[in-house]
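# Structural overview for review
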Amino acid sequence: MDEFLLIEKELQELRQQGLYRSLLSVEEVRGPFITLGGKKYLCFCSNNYLGLAGHPRLKGAAQEAIEQYGWGAGASRLVSGNTTLHEALEAELACFKGTEATLVFPSGYMANVGTITALVGKGDIIIGDRLNHASLIDGCRLSGADFRVYPHNDTDALEDILKRASQYKRRLIVTDGVFSMDGDLAPLPNIVELAKKYKATVMVDDAHGTGVMGKKGKGTVEHYGLEGQVDVQMGTLSKALGGIGGFVAGSKTLIEYLRNRSRPFIYTTALPVAACAAAMEALKIIEEEPSRREALWRNVRYLQEGLKVQKFKGLNVQEIESPIFPIIIGAAKEAVALSNFLFEKGLLVTAIRPPTVPEGTSRLRVTVMSEHAREHIQALLQALAQKA
Ligand SMILES: *Cc1c(COP(=O)(O)O)cnc(C)c1O
């Protein structure tokens, strides 16, 4: 079979180009430490920004939920898989985001695909940032709407497209809030203004903003003080919230519509209750312990200061706006070599290569967590100093 599909040949090409992907086999996770092949590594590439993934309160909440409801949901939300815990989580998320309602999906990927494909289709246009996350792009492609891309954070280019989009029935602007591989923020105030001017709807993917950005960790919208002005906010339970699942926050009407029209919501089994319970506990901790977010940001600034001295060509240290530090290397093989070098020093920072990032911008995507101690960050800085 393989000889007709030509997949072995394609794999060979990936290997030659340094684009072959393989999986790490993690044996244990303890705070920022991860065990691979019996050896402990300091992890600098997790999205578990607030250290909640292994928190005893999340584990306890998940176990309790399993005791009461069992492990699997047994059916989709619209059949018999919807529990009081799903609804309680949605209510808590709405409270957290300050929106009328929310809808939970089994993953952030599905939340993006499921929202875009429900909202727009033939006769509509989606306008997206060039560096949007793959799940947004897949949603755009699958929707059947016309799909235009503007250069990263270029709101003049966005306006040019909007100016010529009046003949479409609906206009949807889609952007990451915090860009997942670059760590910079979307210029949301400008985007919201343009949306008003040209009668477009704005959707923000706040996978990396949720729990991290804004005074209370509500996300990029809170960071900019734009509460009530972004129509569709997507978030994940899988990054700072330390679990699994995705959600969309917005008006009651939007959520009611998605419940009726979003295929990835309708045609899949409900998120396990354990994930709902853990996410609710995570929201409580985020509210009760702002010290976690403060520790995260202290670490961001500490690494930023340390990297200023090193002057990596591919990193604009002045412009760090989130816990994501992209050290752009260029060629895929060189990014992998630097990642391997750090690995030998006991530091895990996987290389990010195309198609996750544009050709020629392979990078190390360093992320810091609240759980990193100063000496952990110093260890990373010392190792990087040898290659700067
Ligand atoms: C991780 C991520 C997603 C997908 O979320 P999952 O919960 O992991 O499926 C969507 N958008 C962005 C920007 C992400 O970084």
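An account of the accompanying structure is given in this report. (Residues numbered from 1 in each chain as written. Predicted model: local features only at pLDDT ≥ 70, side-chain atom pairs only at ≥ 80, totals over all residues. Heavy atoms only, no water.)

### Section: the pattern of salt bridges
To keep things clear, this is the line we draw: Whenever Lys or Arg places a side-chain nitrogen within 4 Å of a carboxyl oxygen from Asp or Glu, that contact is recorded as a salt bridge. Categorising residues by exposure relies on relative accessible area from a 1.4 Å probe, with only protein chains included: less than 20% of the type maximum marks a residue as buried, more than 50% marks it as exposed, and the intermediate range marks it as partly exposed.
According to the stated counting rule, one finds 13 salt bridges in the structure shown. Here Glu8 ties to Arg15 by a salt bridge, and the two come within 3.7 Å at their closest N and O atoms. The exposure class of Glu8 is partly exposed, given its relative accessible area of 43%. On the accessibility criterion, Arg15 (37% relative accessible area) is partly exposed. Glu289 is the salt-bridge partner of Arg292, the closest N and O atoms lying 2.8 Å from each other. Salt bridges linked by common partners bring Arg57, Glu281, Lys284 and Glu288 together as one network.

### Remarks on the environment of Gly37
This is how the line gets drawn: The helix count covers DSSP runs of H or I at least four residues long, the strand count covers runs of E at least two residues long, and both are numbered beginning at the N terminus.
Note on placement: Gly37 falls in the loop between strand 2 (33-36) and strand 3 (39-43). Assessed through its relative accessible area of 69%, Gly37 is described here as exposed. In this structure, the C-alpha to C-alpha distance between Gly37 and Leu194, residues 157 residues apart in sequence, is 52 Å.

### Regarding the nonpolar core
Note the threshold: Among buried residues, those of type Ala, Val, Leu, Ile, Met, Phe, Trp, Tyr and Cys that are joined through side-chain atoms within 4.5 Å constitute a nonpolar core. Note that the domain bounds reflect an automated or database-derived domain assignment.
Core analysis: the largest hydrophobic core is formed by 61 residues, its most contacted members being Phe44, Leu89, Leu237, Leu303 and Leu307. At eleven residues, the largest contribution of residues to this core is made by helix 13 (residues 273-288). For this core, the domains that each give at least three residues are domain 1 (2-54 + 290-387) and domain 2 (56-288). In this structure, Ile191, Val202, Val221 and Val230 belong to the second largest nonpolar core, which totals 25 residues.

### Concerning the sheet that holds strand 12 (residues 347-348)
Put simply, the rule reads: DSSP bridges decide pairing: two strands pair if at least two such bridges lie between them.
Taken in spatial order, the four strands make up an open sheet running 1-2-3-12, and their pairing is mixed. At either margin of the open sheet sits one strand with a lone partner, and together these are strand 1 (26-30) and strand 12. Bridge analysis of strand 2 against strand 3 gives four bridges, and the strand direction is antiparallel. Counterpart to Phe33 in the pairing with strand 3 is Leu42.

### Quick word on the packing of helix 8 (residues 155-163) against helix 9 (residues 188-197)
So the rule is basically this: Axes here mean lines fitted to C-alpha atoms, for a helix over just the part in contact, with angles spanning 0 to 180 degrees between N-to-C directions. Roughly parallel means an angle under 35 degrees; roughly antiparallel, over 145; roughly perpendicular, 65 to 115; everything else is oblique. Note: crossing handedness is left-handed where the near helix turns anticlockwise from the far helix by less than a right angle, and right-handed where it turns clockwise. Two residues qualify as a contact provided that any one of their heavy atoms is within 4.5 Å of a heavy atom in the partner residue. Any residue outside Ala, Val, Leu, Ile, Met, Phe, Trp, Tyr, Cys, Pro, Asp, Glu, Lys and Arg is labelled polar, Gly included; the first ten of those are nonpolar and the last four are charged.
Here helix 8 crosses helix 9 at 15°, and the two axes come no closer than 11 Å. Taken as axis vectors, helix 8 and helix 9 run roughly parallel relative to one another. Helix 8 and helix 9 meet at a crossing whose hand is right-handed. In contact with Thr155, Leu158, Glu159 and Leu162 of helix 8, helix 9 contributes Asn190, Ile191, Leu194 and Lys197. Classifying every residue of the contact of helix 8 with helix 9 gives four nonpolar, two polar and two charged.

### Re helix 11 (residues 252-261)
Counted only if it meets this: Note that the arc is defined by the directions from the helix axis to the C-beta atoms.
Those residues of helix 11 that fall on the buried side of the exposure criterion are Leu254, Ile255 and Leu258. Each buried residue of helix 11 lies within a common arc of 95° when the element is viewed along its axis, so the set occupies one face. Summarising the geometry of helix 11, the exposed residues directed more than 90 degrees from the buried face are Lys252, Thr253, Asn260 and Arg261. Packing partners of the buried residues in helix 11 comprise strand 4 (101-105), helix 6 (108-119), strand 9 (232-236), strand 10 (246-250) and helix 12 (263-266).

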